[in-house]
Amino acid sequence: MSTEKSAKTMKTFKGPEFIRKFLVSLKRRPHNIAFVVFIIAFLIYALNLTHISHTTSRINGPGMGIFGFVTMLASFLSLACYLNIFPKRKPVNKPMLILFFAMNVAVIICDYAYQGAIAEALNREVNPINYEDYIGRAFNMLNVHMIFLVIGLVLVILLPVYGRLFKKINTSIAVESSEMAEIELSGDE
């Protein structure tokens, strides 16, 4: 009977060991998927901060500097907050989750307002700003940043759904059964 079970287990999952280990880690911590998306969003913004800075200094619109500052600070703090949302062997930390959502909504609002300031400066009738390459890159980067933030927030909201789906994946290892001799314990020596 144990050989049937091991043969059945062997049929359910075939693949390299590192894929199995990766799936096991996702089964245990499915929230890491959303965390990776938020890290990518942070890196997109942080690595393009030069374009944001040049655009801010060139346009110098009202609130542009504070929008960039709030976006960078809230993005960094939201990553630190996310690490405290899912403690091991404890329920979800709801105040941190609410704070995390509030910070990400603030980042999306600041990105949108910054894009609006760029569009307004380029399209105003009196003294319009000439289009520069870094201004276009900053504008497009903000679109990508907002898209990644929305995807990450959707992943956090849908975490219970895909967490259950990951639990259904069979990642057990098929072990050949070996019949062990029964050990007789007797008081006779």
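Up top is the structure.
Within each chain, residue numbers correspond to sequence positions counted from 1 in written order. Local features are withheld for residues below a pLDDT of 70 in this predicted model, meaning they are given only at 70 or higher, and side-chain atom pairs are given and counted only at 80 or more; totals for whole chains, interfaces and linings count all residues. In computing side-chain values, all of the structure's heavy atoms are included and hydrogens and water are not.

### Overview of the environment of Pro62
Stage number 1. Inspection of the secondary structure puts Pro62 in the loop between helix H4 (49-59) and helix H5 (64-83).
Stage number 2. The spacing of Pro62 and Tyr114 is 52 residues in sequence and 9.6 Å in space, taken between C-alpha atoms. Secondary structure counts use DSSP, requiring at least four H or I residues in a row for a helix and at least two E residues in a row for a strand, with both numbered from the N terminus.

### With respect to the packing of aromatic side chains
Two aromatic rings, taken as a pair, are described by how far apart their centres are and by the angle between their planes.
Stage number 1. Pairing of aromatic rings covers Phe, Tyr and the six-membered ring of Trp, with a centre-to-centre limit of 6.5 Å; geometry is then stacked below 30 degrees between planes, edge-to-face above 60, and tilted otherwise. Scanning the entire structure with this criterion turns up seven aromatic pairs.
Stage number 2. Judged by centre distance (4.9 Å) and plane angle (85 degrees), the ring pair of Phe38 and Phe100 falls under edge-to-face. Of this pair, Phe38 sits in helix H3 (residues 32-47) while Phe100 sits in helix H6 (residues 94-123), and the two are 62 residues apart along the sequence.
Stage number 3. Classification of Phe100 as buried rests on a relative accessible area of 0%.
Stage number 4. An angle of 55 degrees between the planes, with centres 5.1 Å apart, marks the rings of Tyr82 and Phe100 as tilted. You can see Tyr82 sitting in helix H5 and its partner Phe100 sitting in helix H6, a full 18 residues away along the chain.
Stage number 5. Connected via pairs of aromatic rings, a cluster forms that spans Phe35, Phe38, Tyr82, Phe86, Phe100 and Phe101. The cut-offs for exposure are 20% and 50% of the maximum accessible area for each residue type, with area from a 1.4 Å probe on protein chains only; residues under the lower value are buried, those over the upper are exposed, and the others partly exposed.

### Re helix H7 (residues 133-157)
Stage number 1. The end-to-end C-alpha distance of H7, which contains 25 residues, comes to 36 Å, matching closely the 36 Å that a straight helix rising 1.5 Å per residue would cover.
Stage number 2. The set of residues buried in H7 consists of Ile135, Gly136, Ala138, Met141, Leu142, His145, Met146, Leu149, Gly152, Leu153, Leu155 and Val156.
Stage number 3. Against H3, H4, H5, H6 and helix H8 (159-167) lie the buried residues of H7. Multiplying 1.5 Å by the residue count of a helix minus one yields the expected span of that helix. Here, residues are in contact when the closest pair of their heavy atoms is within 4.5 Å.

### Concerning the pattern of salt bridges
Stage number 1. Salt bridge, as used here: a side-chain nitrogen of Lys or Arg that lies within 4 Å of a carboxyl oxygen of Asp or Glu. Applying the stated criterion to the full structure yields one salt bridge.
Stage number 2. With a closest N to O distance of 3.2 Å, Arg137 and Asp133 form a salt bridge. Of this pair, Arg137 and Asp133 both sit in helix H7, separated by four residues, roughly a single helical turn.
Stage number 3. Residue Arg137 is classed as partly exposed on the basis of its relative accessible area, which comes to 45%.

### Considering the nonpolar core
Stage number 1. With 25 residues, the main nonpolar core has Ala34, Phe38, Tyr82, Phe100, Leu149, Val156 and Tyr162 as its most contacted residues.
Stage number 2. Secondary-structure elements contributing two or more residues to this core are H3, H5, H6, H7 and H8.
Stage number 3. In terms of residues, this core owes the most to one element, H3, which gives six residues.
Stage number 4. Beyond its immediate stretch of four places on either side in the chain, Val156 contacts Ala34, Phe38, Tyr82, Leu97, Phe100 and Phe101.
Stage number 5. We define the nonpolar core as a collection of buried residues of types Ala, Val, Leu, Ile, Met, Phe, Trp, Tyr and Cys that are connected through side-chain atoms lying within 4.5 Å of one another. Ranked by size, the runner-up nonpolar core spans 14 residues in total, among them Tyr114, Ile118, Ala121 and Ala138.

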